[in-house]
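# Fold and contact review
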Amino acid sequence: MKIGKRWIIIFAGAIIVVLLLRGFLFTTYSIPSSGMENTLFQGDRILVNKWSYGLRTPLMALFSYHRWFPETVKPGDIAVFNNPASNKPVIAERNVFIGRCIGVPGDTLWVDSLFSIHSSQDIAGPDRKGLYSYPKNKKNEVDSLIHILGIENNPVMGLSDCCYVRSFSRYEYYLLDQALYGNNWIIPLGMENKAGLKPVIIPGKGKTIEINPWNVTLIRNTILLHEGEPDAAVKKNALYINNQPVSSYTFKKDYYWMASNNSVSLSDSRLFGFVPHDHLIGKAWMIWFSKEANSDIRRGYRWNRFFTTVQ
C-alpha cells in the first residue's frame with residue numbers, strides 16, 4: 001500500500017473514532033457567559049458525559065427519541081441540556097444550555113414573583129451568586145476588603161441614591177461577613193421581605209399537581225411544549241385544556257429545575273421553565289481547556305483549570 005493511501009486511511013479512521021466518541025461517549029461545549037461563575041468561567045471548555053443520565057439517541061433528526069439505561073439527575077448536578085422553550089421539532093437541534101439542578105421530581109421550591117428560588121439555596125453550593133447592597137459612604141471600605149480578600153472580577157452592578165449593588169457568591173459573602181466582625185452592613189437584596197413566597201412543585205411522571213394562579217402559566221407552557229396537549233390556555237388565572245377548566249394535571253414526564261450560579265443571569269428555569277428528561281444531554285464532567293474571553297493567542301490561559309473536574 002502506498003504511503004499516501006495509508007495516511008488517508010489513518011486520517012479517515014481518526015475522524016470516525018472522534019465522531020463515535022462524540023456521538024456515544026462524550027461531547028464538548030464552550031461556556032459563553034458568566035452565568036455559572038464561580039464554578040465555570042466564560043471561556044472554559046468542558047467535556048460532557050453523555051451516559052450520566054442514559055445515552056440519548058444520536059442523530060435524532062433521523063431516529064425517534066430513545067434513552068438507554070436512563071438515570072435521574074441528582075440535586076446539585078451541573079447538567080447540559082437543550083433549550084426546553086424552543087419550538088424546533090428536533091430536540092437535539094435546539095440551543096444548548098447549562099445549569100445546576102436544584103429541583104427534581106416531587107421537590108417543592110419557594111419562589112417570589114420573579115420566580116427566584118428562596119428555598120434550597122444551599123443545594124447550589126458556595127459558588128452560587130446573589131445581589132448585595134451597601135451604603136455609598138462605605139465604598140472605599142468595600143473596595144479595600146475586596147482587594148484584601150482576593151475577590152476578583154467584581155464590578156459595581158448598580159446604584160441608587162443611597163447604595164451600591166454588587167454580586168457576591170455565598171462563600172465571598174461569608175468572607176466579607178467574617179472580615180466585618182459581625183457588624184455587617186452588606187445586605188442581601190430581597191432578604192428584607194420574605195412574605196408572599198409561593199410553592200412550586202417539580203412535576204414527575206404520573207404525579208398530579210394542583211393548578212394555582214402563581215403556577216398556571218408555567219404549567220400551561222410545560223403542557224403545550226412537552227406533554228402533547230396542543231390546546232391549553234390560561235383564562236383569568238385558570239387553566240383550560242380543550243376548552244374545559246381543569247384544577248389539576250397529571251404529568252407524563254419527569255422534569256427538573258435548573259439554576260444559574262449567578263442570580264443576575266436569567267438563563268435558567270426562571271426564563272425557560274421546567275427541563276424535561278428527554279432534553280438532557282449529559283453531566284458536565286471536566287474542564288479540558290480554559291482561556292479568558294477576548295484575550296489574544298499569547299495570553300489569558302487559565303492553566304490551573306486545565307483537566308479539572310466540574311463540581
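Residues numbered from 1 in each chain as written. Predicted model: local features only at pLDDT ≥ 70, side-chain atom pairs only at ≥ 80, totals over all residues. Heavy atoms only, no water.

### Describing the overall build of the chain
Assigned secondary structure in the chain consists of five helices and 21 strands. Taking all 311 residues of the chain together, the buried fraction comes to 42%. Expressed as a percentage of contacts within the chain between residues at least 6 apart in sequence, the contacts between residues at least 24 apart total 62%. Accessible surface, the chain: about 17,200 Å² in total, of which carbon and sulfur atoms supply 58%. (Helix = DSSP H or I, 4+ residues; strand = E, 2+ residues; numbered from the N terminus. Buried < 20%, exposed > 50% of the residue type's maximum accessible area, 1.4 Å probe, protein only. Contact = heavy atoms within 4.5 Å. Areas by Shrake-Rupley, 256 points an atom, 1.4 Å probe, with all protein chains shown as cover.)

### Points about helix H3 (residues 170–179)
All buried positions along H3 are accounted for by Glu 172, Tyr 173 and Leu 176. The buried residues of H3 all sit within an arc of 100° when viewed along its axis, so they share a single face. For H3, the secondary structure elements touched by its buried residues are strand S8 (129–135), helix H2 (139–149), strand S10 (163–169) and strand S11 (187–188). Of the residues trailing H3, Tyr 181 is marked for its positive phi of about 55°. (Arc of directions from axis to C-beta.)

### Some remarks on the nonpolar core
The nonpolar side chains of a soluble globular protein tend to be buried, and buried together. If you look at the biggest cluster of nonpolar residues, it comprises 22 residues, and the most contacted ones within it are Ile 219, Ile 223, Leu 239, Trp 257 and Phe 274. If one sorts the elements of this core by residue count, helix H4 (residues 216–226) sits on top with four residues. In this view, Ile 219 contacts Ile 211, Leu 239, Phe 251 and Phe 274; residues no more than four positions away in its chain are not counted. Listed in part, the 13 residues of the second largest apolar core include Tyr 132, Leu 176, Leu 180 and Trp 185. (Core = buried A, V, L, I, M, F, W, Y, C linked by side-chain atoms within 4.5 Å.)

### Some details on the sheet that holds strand S14 (residues 232–235)
Pairing within the open sheet is antiparallel, and its three strands lie in the order S14-S15-S16. At either margin of the open sheet sits one strand with a lone partner, and together these are S14 and strand S16 (244–246). Direction aside, neighbouring strands of the sheet carry axes that sit 40° apart on average. Taken together, the four bridges between S14 and strand S15 (residues 238–241) define a ladder with antiparallel strand orientation. Within S15, the position partnered with Ala 232 by the bridge is Ile 241. (Pairing = 2+ DSSP bridges. Axes fitted to C-alpha atoms, helices over the stretch in contact; angles between N-to-C directions.)

Remember that the coordinates give geometry; whether it matters functionally is a separate question.
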